[in-house]
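Each chain, written out:
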There are 2 protein chains.
Amino acid sequence: MSKIRIGIAGYGNLGRGVELAVRQNPDMELSCVFTRRDPSKLSILTEGVPVYSINDAAAHKDDIDVLILCGGSATDLPVQGPFFAELFNTVDSFDTHARIPEHFAKVDEAAKKGGNVSMISVGWDPGMFSVARLYGSCILPEGRDYTFWGKGVSQGHSDAIRRVKGVKDGKQYTIPVESAVEAVRNGEDPELTTRQKHLRECFVVAEEGADKAQIEQDIKTMPNYFADYDTTVHFISQEELDRDHSGIPHGGFVFRTGRTGVDKETKHVVEYRLNLGSNPEFTSSILVAYARAVYRLSSEGVSGAKTVFDIAPAYLSPLSGDEIRAKML
Amino acid sequence: MSKIRIGIAGYGNLGRGVELAVRQNPDMELSCVFTRRDPSKLSILTEGVPVYSINDAAAHKDDIDVLILCGGSATDLPVQGPFFAELFNTVDSFDTHARIPEHFAKVDEAAKKGGNVSMISVGWDPGMFSVARLYGSCILPEGRDYTFWGKGVSQGHSDAIRRVKGVKDGKQYTIPVESAVEAVRNGEDPELTTRQKHLRECFVVAEEGADKAQIEQDIKTMPNYFADYDTTVHFISQEELDRDHSGIPHGGFVFRTGRTGVDKETKHVVEYRLNLGSNPEFTSSILVAYARAVYRLSSEGVSGAKTVFDIAPAYLSPLSGDEIRAKML
């Protein structure tokens with residue numbers, strides 16, 4: 001049987017993660033990598049796989065079954081999503097929640113025009129967390145949702161720290177408040193403010209001679225990012241930051257709590273929890289699993305934009321229906 | 001818009017749970033209940049809904065969009081599943097894991113003959129736990145699965161206790177070993193024997209004058225049921241059993257632990273956990289959510305047997321694709 005040929009567009013953390021994930025799936029192979037950098041200067045992990053300029057992607061249409069878009073949601077994917085959806089079956093990890101309907105509409109139009117299947121917003125949130133929220137709300141229609149993130153590195157908040165005057169480098173961890181998680185898990189259905197759900201912990205390398213008290217004050221009062229949270233700021237050296245905080249762990253919890261019974265006397269708690277050693281490596285593992293679903297749907301003649309909600313779990317598995325029923329049901 | 005008309009076949013704990021769950025879903029209504037008992041002697045919770053003999057079910061073919069089969073897996077469903085699949089769209093909770101392929105094949109043949117959609121093995125295990133296992137194994141192909149059950153009442157083990165000489169009544173709880181769950185959650189990938197995964201706790205009402213030491217011995221050494229476990233036996237009065245152990249709580253954990261990275265240096269842990277106040281009420285809530293999926297698939301002209309693996313999450317929701325993308329993705 002021929003393997004599913006995967007292309008990667010964008011070779012950052014996510015692109016490298018996809019490259020590694022493809023190796024863990026024997027029914028797939030990496031066909032090529034597209035980059036915005038000079039292809040001759042990019043060396044990738046897999047020997048013998050060509051690197052091309054992203055501008056030449058269209059010329060390699062017949063070498064790829066599914067192109068995985070590994071750019072960022074802010075500026076790359078809004079453009080690349082619709083552009084590539086017309087040329088290839090695609091999977092992206094677009095994660096700007098508020099702009100998902102707009103992104104879906106544009107990708108859907110392009111994918112239908114090209115006769116391709118294009119999945120948007122694949123990953124863990126949006127993605128597996130969304131699936132957990134949907135299953136939970138359908139099974140327990142009278143109930144409440146809670147999503148907690150962390151402990152993990154927030155790229156956006158780390159960037160925000162680094163923009164503060166006097167800051168040389170920094171990392172920010174989002175941490176769920178343990179007592180809040182415990183109250184939800186115990187079925188107490190608490191009302192939780194933003195401050196009651198998450199803590200923010202910052203590790204900051206100050207520039208020489210910088211006013212640390214002022215830096216701390218500037219971070220803690222920053223609107224949207226930190227002002228609504230209990231924030232801790234630790235000043236450390238660049239060596240300590242590089243040594244102790246170079247990982248990109250993440251994770252979180254999705255809860256659905258609900259009631260059933262004649263007088264709603266019965267409580268149920270559903271919890272989906274992730275504890276991830278590497279956010280980009282886990283995200284790219286999900287992208288690759290959904291690439292299999294995209295390939296199959298496309299083989300069936302389907303076209304248009306899809307999300308994780310539209311994909312039956314069986315489409316993710318390399319095993320046959322008989323096998324998954326016998327082994328996993 | 002017309003409501004989805006649900007029928008119930010079998011009015012025990014599960015049937016009553018379905019009746020209650022239908023009330024929580026405004027796009028559904030209960031059409032009728034079929035029973036093996038004398039219909040004139042069965043009074044159900046919902047006023048105005050007719051109760052018929054299960055032998056007359058075929059006559060009510062046009063009153064029902066989806067029939068939910070609420071019989072047991074040992075003797076009812078192997079017969080009722082294929083029989084009703086030819087007449088109605090159906091959902092069942094067949095949970096004899098080893099016989100699922102056989103049940104699927106028989107129901108599939110009948111459902112295709114009748115032009116119906118019939119879902120088998122819906123519930124939480126098999127069911128939501130199976131979905132968690134499948135997603136986990138597809139996202140982390142190099143990893144391990146762990147399923148723990150409980151704390152919860154096992155009907156089969158409670159029945160086994162009650163068959164012991166000198167036992168008047170009894171209840172058995174399956175309890176996951178906390179340290180084992182914790183080791184898995186911490187990513188230690190432990191090898192666990194049967195004894196290391198679950199404890200069994202029995203509450204027993206002895207007949208007057210019975211030999212309690214002998215009862216305890218007979219329970220603890222019972223092959224398959226108790227011999228491979230650390231089992232605790234508590235003797236209590238019938239009043240205590242009725243007062244403290246009349247509920248049917250259950251739940252459990254599905255873990256997928258796996259590794260990614262260049263040298264598999266990165267660990268990830270995925271956990272799906274249920275804490276259920278009532279096993280039959282939660283199970284029936286799942287059956288009802290999947291009845292919506294069955295109705296939709298049938299409306300699209302699909303026929304044959306399906307499992308939870310075959311159903312895209314969006315089919316479970318009363319909301320439109322636009323709505324779930326905007327609100328839940």
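Calculation criteria
Residues numbered from 1 in each chain as written. Chains lettered and ligands numbered in written order. Predicted model: local features only at pLDDT ≥ 70, side-chain atom pairs only at ≥ 80, totals over all residues. Heavy atoms only, no water. Salt bridge = Lys/Arg side-chain N within 4 Å of Asp/Glu carboxyl O. Helix = DSSP H or I, 4+ residues; strand = E, 2+ residues; numbered from the N terminus. Buried < 20%, exposed > 50% of the residue type's maximum accessible area, 1.4 Å probe, protein only. 1 Å grid on protein atoms, 1.4 Å probe; cavity = no way out; pocket = protein on both sides within 12 Å on 5 of 7 lines; lining within 4 Å. Points joined across faces, edges and corners; volume = space filled by probe spheres on them. Nonpolar A, V, L, I, M, F, W, Y, C, P; charged D, E, K, R; others polar. Contact = heavy atoms within 4.5 Å. Buried area = accessible area lost by both parts, 1.4 Å probe. Polar contact = N/O pair within 3.5 Å; in protein donor to acceptor, adjacent residues only side chain to side chain. Pairing = 2+ DSSP bridges.

**Q** Got a minute to help me understand the pattern of salt bridges in this structure?
**A** Per the counting criterion, the structure on display carries 40 salt bridges over all chains. Here Asp76(B) makes a salt bridge to Arg36(B), at a shortest N to O gap of 2.9 Å. Highlighted residues: Asp76(B) in helix α2 (residues 76–85) and Arg36(B) in the loop between β2 (28–35) and β3 (51–53), separated in sequence by 40 residues. Taking the relative accessible area as the measure of exposure, Asp76(B) reaches 14% and is therefore buried. Overall, Arg36(B) belongs to the exposed group, its relative accessible area being 59%. Bridged by salt links that share partners, the residues Arg99(A), Glu102(A) and Lys106(A) form one connected network.

**Q** When you look at empty space enclosed by the protein in this model, what are you seeing that I'm missing?
**A** Think of a ball as big as a water molecule: rolled over the atoms, this probe shows where empty space is left. The tally for this structure, following the rule as stated, stands at four cavities of 30 Å³ or more. When its volume is computed, the largest cavity comes out at roughly 250 Å³. What lines the largest cavity is a set of 23 residues, and nearest its centre among them are Ala132(A), Tyr272(A), Ala132(B), Tyr135(B) and Tyr272(B). Secondary structure elements with two or more residues in the lining of the largest cavity: α4 (128–139), β12 (250–260) and β13 (266–276) of chain A together with α4 (128–139), β12 (250–260) and β13 (266–276) of chain B. Taken together, the residues that form the lining of the largest cavity break down as 18 nonpolar, two polar and three charged.

**Q** Mind showing me how you'd approach the interface of chain A and chain B here?
**A** A common way to report how large an interface is uses the accessible area buried once the components associate. Taken together, the contact pairs 64 residues of chain A with 65 residues of chain B. Summing the contributions of chain A and of chain B, the shared interface buries around 5,700 Å²; its carbon and sulfur component is 66%. Here chain A is connected to chain B by zero salt bridges. Seen at the junction of chain A and chain B, the total is 26 residue pairs in polar contact (both at pLDDT 80 or more). Elements that contribute at least two residues to the side of chain A that touches chain B include exactly α3 (100–114), α4, β12, β13, α10 (279–299) and α11 (321–328) of chain A. Here the side of chain A that touches chain B takes eleven residues from β13(A), the largest share from any one element. For the side of chain A that touches chain B, the residue count by class is 35 nonpolar, 16 polar and 13 charged. Sheet analysis places β13(A) next to β13(B), joined by nine bridges and oriented antiparallel. The partner of Leu276(A) across the bridge, within β13(B), is His268(B).

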